[in-house]
Every structure is written in structure tokens, then in C-alpha cells.
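Structural characterization, general
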Amino acid sequence: MSTYTVDTATSRATPLPAAMKRVSVPSVMSRKGGEPLVMLTAYTARTAQLLDPHCDMLLIGDSLAQVIYGLPSTLPVTLDMMIAHGAAVVRGSMHALVIVDMPFGSYEESPSVAFRNAARVLAETGAAAVKLEGGEAMAETIAFLVQRGIPVMGHIGLTPQAINILGGYGARGKSKLEQAKLIGDAKAVATAGAFAMVVEGVLEALAVEITRAVPCPTIGIGASAECDGQVLVTEDMLGLFERVPRFVQKFHNLADEISVTAARYAEAVKARTFPGVDNVYRG
Ligand code: KIV
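Let us look at the structure shown here. Since the structure is predicted, the reported quantities are computational estimates derived from the model, not experimental observations. (Residues numbered from 1 in each chain as written. Predicted model: local features only at pLDDT ≥ 70, side-chain atom pairs only at ≥ 80, totals over all residues. Heavy atoms only, no water.)

Turning our eyes to something else, we now look at the pairing of strand β7 (residues 152-157). In terms of burial, β7 is a largely internal element, six of the six residues being buried. Taken together, the four bridges between strand β6 (residues 129-133) and β7 define a ladder with parallel strand orientation. Looking at the pairing, V130 lines up with V152 of β7. With respect to chirality, the unit in which β6 leads through helix α6 (residues 139-147) into the neighbouring parallel β7 is right-handed. Where β7 and strand β8 (residues 196-200) come together, five bridges link them in parallel fashion. Its bridge partner being in β8, H155 is matched across the sheet by V198. (Buried < 20%, exposed > 50% of the residue type's maximum accessible area, 1.4 Å probe, protein only. Helix = DSSP H or I, 4+ residues; strand = E, 2+ residues; numbered from the N terminus. Pairing = 2+ DSSP bridges. Right-handed = clockwise from strand over helix to strand, strands pointing away.)

A word on helix α5 (residues 111-125). Here α5 contains 15 residues, and its C-alpha end-to-end distance of 21 Å stays within 8% of the 21 Å for a straight helix at 1.5 Å per residue. Buried within α5 are the following residues: P111, V113, A114, N117, A118, V121, L122 and T125. Mapping the buried residues of α5 onto a view down its axis gives an arc of 160°, with all of them on the same face. Pointing more than 90 degrees away from the buried face of α5 are the exposed residues R116 and A123. Tucked into the core, α5 has its buried residues touching α4 (79-92), β5 (97-101), β6 and α6. (Expected span 1.5 Å × (residues − 1). Arc of directions from axis to C-beta. Contact = heavy atoms within 4.5 Å.)

Okay, the site of the ligand next. T41, L59, G61, D62, S63, D101, K131, H155, V198, I221, V231 and V233 make up every residue found near the ligand. For the ligand, an oxygen atom lies 3.0 Å from a polar atom in the side chain of D62. Here an oxygen atom of the ligand and a side-chain polar atom of K131 are 2.9 Å apart. Calculation on the ligand without its partners gives an accessible area of 250 Å², and the protein chains cover 95% of this total. Looking at the shell around the ligand residue by residue, the classes come out as five nonpolar, four polar and three charged. (Near = heavy atom within 4 Å. Polar contact = N/O pair within 3.5 Å; in protein donor to acceptor, adjacent residues only side chain to side chain. Areas by Shrake-Rupley, 256 points an atom, 1.4 Å probe, with all protein chains shown as cover. Nonpolar A, V, L, I, M, F, W, Y, C, P; charged D, E, K, R; others polar.)

Before going further, it helps to spend a moment on the pairing of strand β4 (residues 57-60). Residue alternation in β4 divides its side chains into two sets, M57 and L59 and L58 and I60, and both sets are buried. Sheet topology note: the strand β3 (residues 37-41)/β4 ladder contains three bridges and is parallel. Residue L40 lies in a different strand from β4, and its bridge partner there is L58. What joins β3 to β4 is helix α2 (residues 45-51), and the crossover it makes is right-handed. With four bridges joining them, β4 and β5 adopt parallel strand pairing. Following the sheet pairing, I60 is matched in β5 by V100.

On the surface, Y265, V269 and F274 cluster together into a nonpolar patch covering about 290 Å² of accessible area. Structurally, F274 is set in the segment after α11 (254-270). (Patch = residues over 30% accessible without salt bridge, like charges linked within 9 Å, V, L, I, M, F, W, Y side chains within 5 Å. Salt bridge = Lys/Arg side-chain N within 4 Å of Asp/Glu carboxyl O.)

Pairing is parallel in the closed barrel, where eight strands are placed in the order β3-β4-β5-β6-β7-β8-β9-β10. For this sheet the average axis-to-axis angle between neighbouring strands, irrespective of direction, equals 25°. Across the sheet, helix α8 (residues 176-192) lies against β7 and β8, angled at about 175° from β7, the strand it touches most. (Axes fitted to C-alpha atoms, helices over the stretch in contact; angles between N-to-C directions.)

We now examine the packing of aromatic side chains. Under the definition given, this model contains two aromatic pairs. With a centroid separation of 6.5 Å and 80° between ring planes, the pair formed by F115 and F144 is classed as edge-to-face. Residue F115 is found in helix α5, and its partner F144 is found in helix α6; the two are separated by 29 residues along the sequence. If you follow R148 out to its NZ or CZ, it ends over the ring of F144, 3.5 Å from the centre. (Phe/Tyr/Trp six-rings, centres within 6.5 Å; stacked < 30°, edge-to-face > 60°. Lys NZ or Arg CZ within 6 Å of the ring centre and 35° of its normal.)

Here it is in C-alpha cells:
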């Protein structure tokens, strides 16, 4: 049985078969304090297909810098890279809300530059929202985008695009001063109209305080189980890398499975048992 229906009800209907309805921005907002939101990163169509039934949101994170491209940080990621991967994830999914990270340099300069680039992201990928890093300093930009129809997910706490200012990827919010700053950031991002915000790498008690202080859902990573949802980099969660941050739980050991499988393939090639009779064309 197909899950596809053709919507011909109104002149605004899509002429293409529509898959099951995606999770919407308002439905994410309505989950504040309710059932935890499930979010994972995805960068490719096939991964998106596999994750989609299990996730409320799929994030094309600029973490693809390290995970896919072997870059030393997220700073060299371009808008074109994010758009190519964003479009692939939209093509591979039909249920989750798809959110694309705005890369470093594409939104900080001014609200109008941010709007032009975020509009390109939505138009060229089919994603429903963008995510951008920063607190109070980004509030004006967030409001500018939201008032013009671009849903924004905020990202506060440990913000990897600010690595050269922060000086490392350690947990944030250790001093009273920094705690007050981060609570101010969270409130500013929420007041600006962000529909949700990632809270990354902060002391647990602070994550709880932030979650209670803002009206939109908080999505924790290295934060607290009391956040309104959780996100992880999928490849970290799958155990593709040996060393992962303390806040990651490896739910599998994919690295070992890939190594063992590659070794089996190499053995079969060398023994000429692959390709077998089923893998070749005859007559
Ligand atoms: O880039 C990314 O993958 C992210 C998540 C870790 C939140 O921003």
C-alpha cells in the first residue's frame, strides 16, 4: 500500500503526489515541556531515508565539515556545500522537519545578507528552516528573518563557529558571569522569535535553567535530559569515530562493522570468490 496521495483540493495544491505530512514548525513549538523532540544530523539522501521515520527533525549541520569533508573546523564550510547536502536530505525524507545550518560568514554581516542567504537555502533545498549560531548579538537578525517568513532555530552555549574566540570546545557556563550571559542569550534568541534553540555544551544545571526560562523548546547536546529534545551528530551516535566528546553515547560500533566488512570484501577479491556466479552477466 502506498503512503502517497495526490492533493487536488485547491489551486495551491501540489500537482505531485504528496508524501505523508512533514512535522511543522508550529508542531515542534507545541512540544515545549511535552514528549521530547528527537533530532539527528543527516548529510545524505540515504542516511535521511533511514533516520526519517525515527526523527522529528533532521539537521544538515555544518559539522559535515569534519564528518564528511575531513576539515579541521566548521569555518571553511560554504553556502553551496550546505545547499547541496540540504537538498539531498530533503529528497531522502518525507516526515521530519528539515533544518539547514547557516555556515560561518553567511549571516553575521547584516540581517539583509542573512535574509538573502537563508532565502536561497530554503528555495534551493526545500528545507523548512535554518539554524544559526549566536545569542543576543544575533537577535536582530533572527527577528528580521522570522518576520519575513524564515523559521529560525537558535544555537547557544558552545558555538563551534566561534572556536577562535572560545579557544576550545570545552563546556560553557562555568562562571557566574558566563551563566548570566548565556541566560541572557537564550532569552534574547527566544524573544527574537526562534522556534527552538540548540543548547550545546553547557553545565547541566544551566541547561535546566535555560529550558525553564524560555518559551520555545530547547534541544540539548551536552546539556541535560531535561531539555525539550536532544540532538547528536549521527556518525558519533553510530560509533563511526573512535574518540567522541563526553556527551556522546555510542549507540553502536559502526567503525568496527565497516572495518570487518571491508576486510571480508578484500579477502573475497584476493581469493577470486567475488564476483561469484550471481554477480556476473553470462550470455
Ligand atoms: O553542526 C551540527 O551538527 C550542529 C549540531 C551538533 C547541533 O550544530
